[in-house]
Amino acid sequence: MKMDKLQNGLFGNQSREVNIRHLINKYLRYWYWFVICCFIFLLAAFLYIRYNITSEYLISTTLLIKEDNSVGPLKGEGFSGGMFGYGMDKTVGSEMIILRSRSLMERVFEELALNTSYYIEGRVKDIEVYKEDISFSVLINKLDPSAYGKIIKLTGREEANFFELTEYDEEGKPMVNNYKFGQEINRPYATFTVIGSSESEINTDIIVYFHDLKELAKVYSQMLQVELVSKDANVLYLGITEAVPERGIVILEKLVEVYQKEAIENKNQVQLSTIDFLDERIQFLSTELSKVEKNVETYKRENDLTDVSSNAELYVQSASQYNKELESLEIQSSIINSLEDYVNKNELRLIPATLYLEEPMLNGLMAKFNELLLEKQRMLRTIQPGSSLISNLDEQLTNLRENIRDNLLTIKNNMEITLNNLRASTSQFQSKVQNVPSIERELLEINRQQSVKQAIYLFLLQNREKAGLDLASSQANSRIIDEPAKEDVPINTSESTFYLGALSLGLFVPFGFIYLLDVLNNKVIERKDVEGKLKVPILGEICHSKDKALLQVSDGDHSIVVETFRLVRANLHFANVGKENKVFLVTS
């Protein structure tokens, strides 16, 4: 019994607890595979980042939308809270839609002439650059739709003023021609000029792509991010993703500039319409006034008139009061007639704002008409003409114009009655001056016509100056808070992430391969492989020898293999102490 316990202590199964050091040593045995795989995957990540990924940067700016505090004559509680009764700010929401509109972006691209893009030809990958970063530019005079997506290549020559233009046919065959800087190049697909100074040189091959501005503007308008920074402030965030940061900054700057320009133009429509109307009337009255003044001069010269008689002066002073009232009413009557002709035209146009009469109801109707017409023009930028909203506005505009016509007709009729009464009073007074010579009466009539036209002329000039001042003082409804700038780190590439992933793969692949080999292995590699399957004592382990000579245990030989044989023999002798009928089976 004691011998069995001793044998179990010497040759029994070892503990099956996991040996962390043994597990680590099993994988460290293949350390060179980990090094090779990590190197390969890191190199692959480096090449992928360099040749397959184009870094894109986020360009952003913030824009403050100023509140419109102008209130029209008919604005009140019924128009507060937005046009459709929603809880959002109608002004900011409309401006966000306008900023994202394709028409606005098309105007930006047209002013920047971004129908071409430039690439520096590389051995593996072409690198896009901004046109300001190269010493020349391609000026497009005419671009046919067949040029969209077409590629040309510019190559420098030894002569400083010349370059080679390489074109490609439908089969991809190159066609090379030589041109001079500044020379107009006429091709079936386009007419363009390569602009550069006399010292300009093309040191590397430049690839030029032609773009469709409308399609390009559509892509950028969809890519443009317009967000409200805070619910408590009218501040908008504008962002765009661009592979060429300089171009993205220029696009955002021009977008804000064009947006502000269009906002000012929209505000100035009423003033411009008023100025055009006033200029037309001033030109007409200037001609009429000149004719009247010439008539006075001719009449006095023909009748040798130098002074008005004392009696005529007395009658004129008595009639001055009637004439002043008559002149004032005739001025208003002329304005009413002009407005009536303007409103009766078929097309819907803005009503001049500076010709409002002292009629509160008429002024309110005209102000409301202009407000709805401007709202329609703004909504037509983003809504189809057949929309129900547009139809609703057209119906309101038609009703307002009819109300304006009726109001003008009523005012005109009342004014005609007043004018007739004044003319009747004037006629009664003129009967008292029948003794005044006919020449004096005719001169008085001419002078009255002259004063009426002169008063109207001065009135129009004053309103023309007022409209000009309003036009010059117009300001944009927004301003930039933060100038457009790019982020320092690309948003689509993170080198540390790629390299960390490559390093992880470099460690995981050999680890998994070694683990798979270990799982599929059906050979005895280590002592624990036998201990886990059989409950028999192990006498020893004999190392593998690569020596092809016959293994023989002899005196004086102390090699590792020989010593393991001796150890097995000693353990075998010890395991059979006190036992009889010793039988040994040796098998492979």
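Heads up: these notes are all about the structure in this document. (Residues numbered from 1 in each chain as written. Predicted model: local features only at pLDDT ≥ 70, side-chain atom pairs only at ≥ 80, totals over all residues. Heavy atoms only, no water.)

With that settled, consider helix α5 (residues 102–112). Within α5, burial applies to Leu104, Met105, Glu106, Val108, Phe109 and Leu112. At the C-terminal side of α5, Ala113 shows a positive phi close to 55°. (Buried < 20%, exposed > 50% of the residue type's maximum accessible area, 1.4 Å probe, protein only. Helix = DSSP H or I, 4+ residues; strand = E, 2+ residues; numbered from the N terminus.)

Taken as a whole and judged by the stated rule, the model has 5 cavities of 30 Å³ or more. Lining the largest cavity are 11 residues, with Arg281, Ser334, Ile335, Ser338 and Leu460 sitting closest to its centre. Of the residues forming the lining of the largest cavity, the biggest block, 4 residues, is contributed by helix α9 (residues 310–343). Across the lining of the largest cavity, the residue classes tally to 8 nonpolar, 2 polar and 1 charged. (1 Å grid on protein atoms, 1.4 Å probe; cavity = no way out; pocket = protein on both sides within 12 Å on 5 of 7 lines; lining within 4 Å. Points joined across faces, edges and corners; volume = space filled by probe spheres on them. Nonpolar A, V, L, I, M, F, W, Y, C, P; charged D, E, K, R; others polar.)

Here we take up the pairing of strand β5 (residues 151–156). With 4 bridges connecting them, β5 and strand β10 (residues 206–210) associate as antiparallel partners. By the bridge assignment for β10, Ile151 is matched with Tyr209. (Pairing = 2+ DSSP bridges.)

Before going further, it helps to spend a moment on the packing of α5 against helix α6 (residues 213–223). Contact pair α5 / α6: the axes reach a minimum separation of 8 Å and the direction vectors enclose 120°. Taken together, the axes of α5 and α6 lie oblique to each other. The handedness of the crossing between α5 and α6 is right-handed. Where α5 abuts α6, its residues Arg102, Met105, Glu106, Phe109 and Glu110 lie against Leu213, Lys214, Leu216, Ala217, Lys218, Tyr220 and Ser221. Residues that form the contact of α5 with α6 fall into these classes: 6 nonpolar, 1 polar and 5 charged. (Axes fitted to C-alpha atoms, helices over the stretch in contact; angles between N-to-C directions. Parallel < 35°, antiparallel > 145°, perpendicular 65-115°, else oblique. Left-handed = near helix turned anticlockwise from the far one by under 90°. Contact = heavy atoms within 4.5 Å.)

Okay, helix α15 (residues 560–575) next. Taking 1.5 Å as the rise per residue, α15 with 16 residues should run 22 Å; its terminal C-alpha atoms sit 22 Å apart, in good agreement. Taken together, the buried positions of α15 are Val561, Val562, Thr564, Arg566, Asn571 and Ala575. (Expected span 1.5 Å × (residues − 1).)

In space, the 4 strands of this open sheet follow the order β11-β12-β1-β13, with antiparallel pairing throughout. Whereas interior strands pair on both sides, the edge strands pair on one side only; in this sheet they are β11 (225–230) and β13 (478–486). Adjacent strand axes in the sheet meet at a mean angle of 20° when their direction is disregarded. Direction of pairing for strand β1 (residues 57–65) relative to β13: antiparallel, over a ladder of 6 bridges.

With that settled, the discussion passes to the pattern of salt bridges. Proximity of charged atoms lets side chains of opposite charge pair with each other. For the structure on display, the rule yields 13 salt bridges. Among the ionic pairs, Lys261 bridges to Glu111, the shortest N-O distance being 3.8 Å. Taken together, the residues Lys261 in helix α7 (residues 245–267) and Glu111 in helix α5 connect sequence positions 150 residues apart. Exposure remark for Lys261: the relative accessible area of 30% places this residue in the partly exposed category. Across the pair Glu371 and Lys368 runs a salt bridge, and its minimum N-O distance is 4.0 Å. Within this pair, Glu371 and its partner Lys368 are both found in helix α10 (residues 360–379), separated by 3 residues, close to a single helical turn. The exposure class assigned to Lys368 is buried, which follows from its relative accessible area of 9%. (Salt bridge = Lys/Arg side-chain N within 4 Å of Asp/Glu carboxyl O.)

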